[in-house]
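# Examining the three-dimensional arrangement
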Amino acid sequence: MSTATAAGERSTFFTDPGMKSMARAMLGRVHTGAADAGEALTTMDRITDGDYASWEREWEATADRIAAIGDDCLRRCHRVSGRNALLRAATYYTACVLVVDGCDEPETVLTRTFAAYRRCWEQYLGLLDNPPERLDIPYEGTTMPGWFFAADGDGPKPTLVMANGADGALSYLWPGYGSEAAARGYNVVLFDGPGQQRMLFERGVPFRPDWEHVITPVVDAALRRPDVDPRRLVLYAVSQGGYWGPRALAFEHRFAAAVIDGGVVDVSAAWRDLLGPDLMAILDAGERDRFDAAIDRATPNAKRVVAWRTKPYGCPSVFDTHREVLRYRITPEVAAQITTPVLIADPDGEKYFAGQPERLYDMLPGEKELVRFTEAEGAAGHCQPMARALAAQRFFDYLDDRVGLGSPGPERLGE
């Protein structure tokens, strides 16, 4: 782990950009109890900077240890202690899943760690005071797996549909902003869509750009429930969901408001930014075999990133994936159809989609709000990973105001 202590570098942890980003995201989850600072830091201390097999090995060791603690607590009838440990173990297993392509036997590691993640995550859910219901969402002759977290109390409630990014686990959404929503009186819907987690790893269903065909079945499933208020349905979409969310909103108009964390206009820009001018020229010239051969000569770490990022698109080659991802764009014609009030998060240091939150904001014709998250606030980086409390406050104040959950504070003495 990096020992840099200069101003602005104390939260770097690693010099490797991918490890640095994932380390910050892990520490951000401490806020919700999905990780513990000491467990995370001691694990990172054991990792060799830039060695992704080392990353996987050490996080899996920590996950196994914490999972065993959780199992032991449950055997001794300590339900809350066991539940909390299983959630942390699930989080640590997801850190392994993200880097399997840096391991010697990636499919073996993926199968093992994803199964361990699911076991801990689903056991944790069953131990909640108000456990969620499994939700099988009809989708093109099959189903999408999901969960419905019912709010306390009787009658129809405002409901938050949460759309994940390219490689996020559902446990990133709950107990993150999902539990923040529940504390405010929302039902919460989580699901894996095409190319995400269970749909990809267990069913082999890849991404698709026309996400309205994903979100609309989720909305239909939610609105079949009597405890969902159809007038108070809201959307949260994160990371690459910053493309899928707006795309869906252009065609699905039953949401009262949406939070896009953060906005994405052109997914392909992040892919092209990874290429130097020589590779760009080969790609643009349509030289498929030459392009794929050049990618195959890349460094092991670059090949790891490419292998992981191309997997969900289901294309036969890296060249084909680059061509496919060109379809993942919000055009002015699509943006013009978005009528839902939208908040767009725009953090300093956005490394994947720099400048795109503001571009999306400028394209939207209706009610909209661009919310900056700054380095000075400790809120920089893709999806402001270490400012979860600040982001929750801003996101839910916005949503609450639009579904009638905002209320005045207590009167001050003497008034």
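Before reading on, note that the structure itself is shown above.
Sequence order as written defines the numbering, with residues in each chain counted from 1. At least 70 in pLDDT is required for a residue's local features to be given in this predicted model, at least 80 for side-chain atom pairs to be given and counted, and no such filter applies to totals for whole chains, interfaces and linings, which use all residues. Excluded from the side-chain calculations are hydrogens and water; all other atoms, namely the structure's heavy atoms, are used.

### Things to note about the sheet that holds strand β2 (residues 142-149)
Note on pairing: DSSP must find at least two bridges between two strands before they are called paired. In this description a helix means any DSSP run of H or I spanning at least four residues, a strand means any run of E spanning at least two, and both kinds are numbered starting from the N terminus. Judged by pairing direction, the sheet is mixed, and its eight strands sit side by side in the order β1-β2-β4-β3-β5-β6-β7-β8 without closing on themselves. Where the open sheet ends on each side, the last strands, each with one partner, are β1 (133-139) and β8 (368-373). Across the sheet, the axes of successive neighbouring strands diverge by a mean angle of 25°, strand direction being ignored. In this structure, strand β3 (residues 157-163) lies alongside strand β5 (residues 228-238), joined through six bridges in parallel fashion. Looking at the pairing, V161 lines up with L235 of β5. Each of β1, β2 and β4 (187-191) is contacted by helix α5 (residues 106-126), which is oriented at about 45° to β2, the strand it contacts most. Here, two residues are considered to be in contact whenever any of their heavy atoms come within 4.5 Å of each other. Lines are fitted to the C-alpha atoms to define the axes, a helix being fitted only along its stretch in contact, and any angle between axes, read from their N-to-C directions, falls within 0 to 180 degrees. The strands touched by helix α10 (residues 241-249) within the sheet are β5, β6 (257-261) and β7 (342-347), with β5 carrying the most contacts at an inclination of about 145°.

### What about α5?
Each helix should span, by expectation, one fewer than its residue count multiplied by 1.5 Å. Over its 21 residues, α5 runs 30 Å from end to end, which matches the ideal 30 Å to within 8%, given 1.5 Å per residue. Among the residues making up α5, those that are buried are V109, L110, T113, F114, A116, Y117, R118, C120, W121, E122, Y124 and L125. Relative accessibility under 20% of the residue-type maximum defines a buried residue, over 50% an exposed one, and the middle range a partly exposed one, all with a 1.4 Å probe and only protein chains included.

### A word on the packing of aromatic side chains
Aromatic ring pairs are reported here in terms of the distance separating the ring centres and the angle at which the planes meet. Whether two aromatic rings pair depends on their centres lying within 6.5 Å, for rings of Phe, Tyr and Trp, where Trp uses its six-membered ring; planes under 30 degrees apart make the pair stacked, over 60 edge-to-face, and the rest tilted. Summed over all chains, the structure comprises 21 aromatic pairs. When the ring of Y177 is compared with that of Y236, the centres are 5.4 Å apart and the planes differ by 70°; the resulting orientation is edge-to-face. Here Y177, found in helix α7 (residues 177-183), pairs with Y236, found in strand β5; they are 59 residues apart in sequence, far enough to count as distant. As far as burial versus exposure is concerned, Y177 and Y236 are alike and both buried. Ring centres of Y243 and Y328 lie 5.7 Å apart, and the angle between their planes is 45°; this geometry places the pair in the tilted category. On the criterion of sequence distance, the pair formed by Y243 in helix α10 and Y328 in the loop between α15 (318-325) and α16 (332-335) is long-range, its members being 85 residues apart. Taken individually, Y243 and Y328 each receive the classification buried, so the pair is uniform in this respect. Here the aromatic residues F207, W211, Y243, W244, W271, Y313 and Y328 are joined through ring pairs into a cluster of three or more. Over the face of the ring belonging to Y177 we find R388, whose NZ or CZ atom lies 4.6 Å from the ring centre. Both a distance and an angle decide whether a charge sits over a ring: NZ of Lys or CZ of Arg must be within 6 Å of the ring centre and within 35 degrees of the ring normal.

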